[in-house]
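Structural characterization, general
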Amino acid sequence: MRILLYNPDNGVTRNFMPHLWMFLLQALTPLEHEVVLIDGNAQPMDEAQIAQFVRDQNIGLVGIGAMTRMVARAYRMADAIRATGVPVVMGGPHVTEEADEALGRDGGPRHADAVALGEADETWPQIVEDAVRGELKEIYAPVDAMGKERKPALNHYPTIPWDKLDLDQFNLIPKLMHPLLKGFREGWGSFRIVPVESGRGCPYGCEFCTVTGFFGDSIRFRTNESVVNELLLLKARARKEGGQIAVFFIDDNFAINIKRTKSLLRDIIAANAQVFWVAQISANLLRDEELVDLIAASGGKWVFIGMESVDPANLKDVNKGFNKPEEYAAVLERLAKRNVYAITSFILGMDNDTPGVAERTLQQVRTWPPGLPIFGLLTPLPATPLYKRLEAAGRLTRPRHWLDFVPFTMAHTPLKMTIEEAHAELNYGWANSYSPEALAQAVSALDDQHVGDRFNIFLARLCFRGIYFPMMGKSSWLRVVLENRRTILRLLKEGVFRWARPRNSASQDSLSAAT
């Protein structure tokens, strides 16, 4: 049987990275079946196109995974596929909490023939077997003999054959740029950001987060050897094809067990398995100097930090009081000293926020080393403590907001400002962080660093700008390039000068020797 695993586009911007679940389920599929992967962010399709693809490729089963913000899109694609007569299985955090919605048991239309609840590591092979026999059950749940939910152990993690997979759709370098980059600098024929997990679960239980509800509060880890071998495999592939690979550790909190994280990073260094990597780490865990040393030495380049707010009252309200805003500056300085920079995430529209919150936040951000500030709105996701609290208080304005998804739009009424004011604050935060002036300032703040580090910051800011401001077409990118032409020309001029200087020095040495 041919199986299609499909992840819908997120409706906001093209993801920089594919989703791990597709590769993991592919590795868990019995070998007699062929698995095809499509990420809608890399291969955009509409309903008619995916239906035609399923017919043309003789697909017998489709698996769709989607986060809440993508689920309306996922449902539409599932409907189109089911109309061809091919069964659809849906899974992920949203479907786990809203299984009746996906199955049409809530009075709405049915979108899936079956749903996989929770982590599907153990249930997926059974789903495939039942599909072959034409005997799909409606619900698959990982439970033990007593009917209690069982979380899969990760000490026998499946090997994902990164060296053999077709990853062309995930190359971030446009095809037109391949010859130019290959000629300018060896090893840049491709660039991919690949998801890797070293553990699952988070004990913190932040009010707005779905992680603890889905993965649980008990942390499970892969073996160090398993993670190191995966990095070596990725590194070897990049070297073989003359490209670059970076890794995003998708663990919900990569350093939640500091002792274990240090052990893993030491093993990565010892095995020469360093690749550039990004990970999510709480600010409170980055007080440890040795941990930050190991992050830098093992290839860490960016750390995603969910700061959420610079207001301690807000943090306490959402059960994230372990974040200490007075420590943020020291944490970021500690990283920057080692050329590691931060993606700092903030949530606006929290209960203690008032008009002007974006500027108050940016006043702090401007005093920190340059990084990538991103802003979102407090969003009540289904089954989270936040959703239940707002629902009980009658504050939800769009109780099923995901079925009519509108990017960056509130679904409840804030306490101390209006919905319109919250939207204005969000726009202010993005506009003042990603304007040409802000990008130039970020580059200038690193004037004492190598031009490569400054180009890294600039390019990352250009890409992250697209999370909020539409940059899906060539005309949008051209406009952004023109707006930032002074900074681009400055970086190019210095880059060419540095590239040419060693050649000139070598020529002068040769001339002196000849003389």
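Refer to the structure above for everything that follows.
Below you will find a few notes about this structure. A quick note: this is a predicted structure, and the numbers were derived from the prediction, not measured.

1. Thoughts on helix 11 (residues 289-297)
Within helix 11 the residues assigned to the buried category are Leu291, Val292, Leu294 and Ile295. Across the axial projection of helix 11, the buried residues extend over an arc of 160°, all falling on one side. The elements touched by buried residues of helix 11 are helix 10 (258-270), strand 11 (276-280), strand 12 (300-308) and helix 13 (328-336).

2. Things to note about the environment of arginine 400
With respect to the secondary-structure elements, arginine 400 resides in the loop between helix 15 (385-392) and helix 16 (419-433). Residue contacts for arginine 400: discarding those within four places in its chain leaves Glu101 and Asp106. There is a polar contact of 2.6 Å between the side chain of arginine 400 and the side chain of aspartate 106.

3. A look at the sheet that holds strand 4 (residues 88-91)
With respect to topology, 6 strands assemble into an open sheet ordered 2-1-3-4-5-6, the strand pairing being parallel. Whereas interior strands pair on both sides, the edge strands pair on one side only; in this sheet they are strand 2 (34-39) and strand 6 (139-140). Examined bridge by bridge, strand 3 (residues 59-65) and strand 4 share 4 bridges and lie parallel to one another. Counted as the bridge partner of valine 62 is valine 88 from strand 4. Seen against the sheet, helix 2 (residues 47-56) touches strand 1 (2-7), strand 2 and strand 3 and runs at an angle of roughly 160° to strand 1.

4. Overview of the packing of aromatic side chains
Tallied over the entire structure, the rule returns 17 aromatic pairs. Judged by centre distance (5.7 Å) and plane angle (25°), the rings of phenylalanine 346 and phenylalanine 375 are stacked. With phenylalanine 346 in strand 13 (residues 341-348) and phenylalanine 375 in strand 14 (residues 372-377), this pair connects stretches of sequence that are 29 residues apart. The two residues phenylalanine 346 and phenylalanine 375 agree in class, both being buried. Taking the centre distance of 6.2 Å and the plane angle of 45° together, the rings of tyrosine 387 and tryptophan 402 count as tilted. Of this pair, tyrosine 387 sits in helix 15 while tryptophan 402 sits in the loop between helix 15 and helix 16; the two residues are 15 residues apart in sequence, bridging distant segments of the chain. As far as burial versus exposure is concerned, tyrosine 387 and tryptophan 402 are alike and both buried. An aromatic cluster of three or more residues is present, and its members are Tyr328, Phe346, Trp368, Phe375, Phe408, Trp430, Tyr434, Tyr468 and Phe469. Taking NZ or CZ as reference, arginine 222 lies 3.9 Å from the ring centre of tyrosine 157, over its face.

5. Remarks on the pairing of strand 13
Most of strand 13 is tucked away: 8 of the 8 residues are buried. Of the two faces of strand 13, the one holding Tyr341, Ile343, Ser345 and Ile347 and the one holding Ala342, Thr344, Phe346 and Leu348 are both buried throughout. Bridge count between strand 12 and strand 13: 6 bridges; the pairing is parallel. Looking across to strand 13, one finds that tryptophan 302 is bridged to tyrosine 341. Alignment of strand 13 against strand 14, held across 6 bridges, turns out to be parallel. The partner of phenylalanine 346 across the bridge, within strand 14, is phenylalanine 375. Once the chain exits strand 13 it traverses helix 14 (residues 357-365) before rejoining the sheet at strand 14, and the crossover so formed is right-handed.

6. Overview of the side chain of threonine 344
Inspection of the secondary structure puts threonine 344 in strand 13. Sequence-distant contacts of threonine 344, defined by excluding residues within four places in its chain, comprise Ile305, Met307, Leu332, Leu372, Pro373 and Ile374.

7. Topic: the pattern of salt bridges
Here the structure, examined in full by the defined rule, presents 40 salt bridges. Residue arginine 76 is joined to glutamate 47 by a salt bridge in which the shortest nitrogen-to-oxygen separation is 3.6 Å. Of this pair, arginine 76 sits in helix 3 (residues 71-82) while glutamate 47 sits in helix 2, and the two are 29 residues apart along the sequence. Overall, the relative accessible area of 41% leaves arginine 76 in the partly exposed class. The exposure class assigned to glutamate 47 is partly exposed, which follows from its relative accessible area of 27%.

8. Section: the nonpolar core
Grouped burial of nonpolar side chains is what soluble globular proteins tend to show. If you look at the biggest cluster of nonpolar residues, it comprises 104 residues, and the most contacted ones within it are Trp162, Phe249, Ile281, Leu286, Ile305 and Leu335. Here this core takes 6 residues from helix 18 (residues 451-465), the largest share from any one element. Membership of the second largest hydrophobic core comes to 41 residues, among which are Ala66, Met70, Leu103 and Val318.

9. With respect to the sheet that holds strand 13
Strand order across the open sheet formed by 6 strands is 7-10-11-12-13-14, with parallel pairing between neighbours. Strands at the two margins of the open sheet, each flanked by one partner only, are strand 7 (191-196) and strand 14. Each neighbouring strand pair of the sheet contributes to a mean axis angle of 20°, computed without reference to strand direction.

10. Overview of helix 17 (residues 436-444)
All of the buried residues in helix 17 are Ala438, Leu439, Ala442 and Val443. The buried residues of helix 17 all sit within an arc of 140° when viewed along its axis, so they share a single face. With respect to the buried face of helix 17, the exposed residues turned more than 90 degrees away are Glu437 and Gln441.

11. Section: unusual backbone geometry
Even without being a glycine, asparagine 339 presents a positive backbone phi close to 60°. Inspection of the secondary structure assignment puts asparagine 339 in the loop between helix 13 and strand 13. Located in the positive-phi region is alanine 383, a residue other than glycine, with phi close to 75°. With respect to the helices and strands, alanine 383 occurs in the loop between strand 14 and helix 15. Judged by relative accessible area, which is 32%, alanine 383 ranks as partly exposed.

12. Comments concerning the packing of helix 10 against helix 11
Between helix 10 and helix 11, the shortest axis-to-axis distance is 9 Å and the interhelical angle comes to 30°. Regarding the angle of helix 10 to helix 11, the classification is roughly parallel. As for how helix 10 packs across helix 11, the hand of that crossing is left-handed. Facing Thr261, Lys262, Leu265, Arg266 and Ile269 of helix 10, the residues of helix 11 in contact are Glu290, Leu291, Leu294, Ile295 and Ala297.

13. A closer look at the packing of helix 9 (residues 224-240) against helix 10
Close contact between helix 9 and helix 10 brings their axes to 10 Å; oriented N to C, the two are set at 40°. Between helix 9 and helix 10, the angle falls in the class oblique. Here the hand of the crossing between helix 9 and helix 10 comes out right-handed. Seen from helix 9, the contacting residues are Asn224, Val227, Val228 and Leu231; seen from helix 10, they are Arg260, Ser263, Leu264, Asp267 and Ile268. Across the contact of helix 9 with helix 10, the residue classes tally to 5 nonpolar, 2 polar and 2 charged.

How each quantity is defined
- Residues numbered from 1 in each chain as written.
- Predicted model: local features only at pLDDT ≥ 70, side-chain atom pairs only at ≥ 80, totals over all residues.
- Heavy atoms only, no water.
- Buried < 20%, exposed > 50% of the residue type's maximum accessible area, 1.4 Å probe, protein only.
- Helix = DSSP H or I, 4+ residues; strand = E, 2+ residues; numbered from the N terminus.
- Arc of directions from axis to C-beta.
- Contact = heavy atoms within 4.5 Å.
- Polar contact = N/O pair within 3.5 Å; in protein donor to acceptor, adjacent residues only side chain to side chain.
- Pairing = 2+ DSSP bridges.
- Axes fitted to C-alpha atoms, helices over the stretch in contact; angles between N-to-C directions.
- Phe/Tyr/Trp six-rings, centres within 6.5 Å; stacked < 30°, edge-to-face > 60°.
- Lys NZ or Arg CZ within 6 Å of the ring centre and 35° of its normal.
- Right-handed = clockwise from strand over helix to strand, strands pointing away.
- Salt bridge = Lys/Arg side-chain N within 4 Å of Asp/Glu carboxyl O.
- Core = buried A, V, L, I, M, F, W, Y, C linked by side-chain atoms within 4.5 Å.
- Parallel < 35°, antiparallel > 145°, perpendicular 65-115°, else oblique.
- Left-handed = near helix turned anticlockwise from the far one by under 90°.
- Nonpolar A, V, L, I, M, F, W, Y, C, P; charged D, E, K, R; others polar.

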